[in-house]
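Below are the chains, spelled out letter by letter.
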Amino acid sequence: ECVSGHLDNRINVCGTPASFGYEELIVRSFTRESRRVYRLSHQDIGRSLLDVGCGLDYHSLDDDFRRAAQTGKSVNRYLEQRGCAVRYFLRILPTVCRDNSFGGAVLIFSPVEGRDWGTA
């Protein structure tokens, strides 16, 4: 819990859009900035992120999350916001419990400048 709290605080201070989820993409917490990507409110805590409206052109969150869970490795994607030229680099970072089992993941959305656009 302490490490998780430190990570939450660090991401909040950086102003980075991030969501923290348990298995099955259940929302545990999120940063204020993540509302630029997902239409999250405090009522969404405990719900699946798949049930929350997303402003990105992104249809493989479930598959990417499952891949991070199965491999224990991060999954990276470049994504575009629907209807505008805003772009993000998504990194899904799996979290591991003390018994080395999958404990969920952190989804971090980093804004990308046009010249930095690429493929993950």
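Residues numbered from 1 in each chain as written. Predicted model: local features only at pLDDT ≥ 70, side-chain atom pairs only at ≥ 80, totals over all residues. Heavy atoms only, no water.

Draft legend 1. Fine view of the packing of aromatic side chains. Within the structure shown, the criterion is met by 4 aromatic pairs. Considering the side-chain rings of Tyr78 and Phe89, the 4.9 Å spacing of their centres and the 50° angle between planes classify their relative orientation as tilted. Residue Tyr78 is located in strand S3 (residues 75-80), and its partner Phe89 is located in strand S4 (residues 87-96); the two are separated by 11 residues in the primary sequence. For Tyr78, a relative accessible area of 25% corresponds to the partly exposed category. Ring centres of Tyr88 and Phe109 lie 6.4 Å apart, and the angle between their planes is 90°; on these two criteria the pair is classed as edge-to-face. Placement of the pair is Tyr88 in strand S4 and Phe109 in strand S5 (residues 102-111), with a sequence separation of 21 residues. Accessibility assignment for this pair places Tyr88 and Phe109 in one class, buried. Within the aromatic cluster, the residues linked to one another by ring pairs are Tyr38, Tyr88 and Phe109. (Phe/Tyr/Trp six-rings, centres within 6.5 Å; stacked < 30°, edge-to-face > 60°. Helix = DSSP H or I, 4+ residues; strand = E, 2+ residues; numbered from the N terminus. Buried < 20%, exposed > 50% of the residue type's maximum accessible area, 1.4 Å probe, protein only.)

Keep in mind these numbers describe shape, not what the thing actually does.
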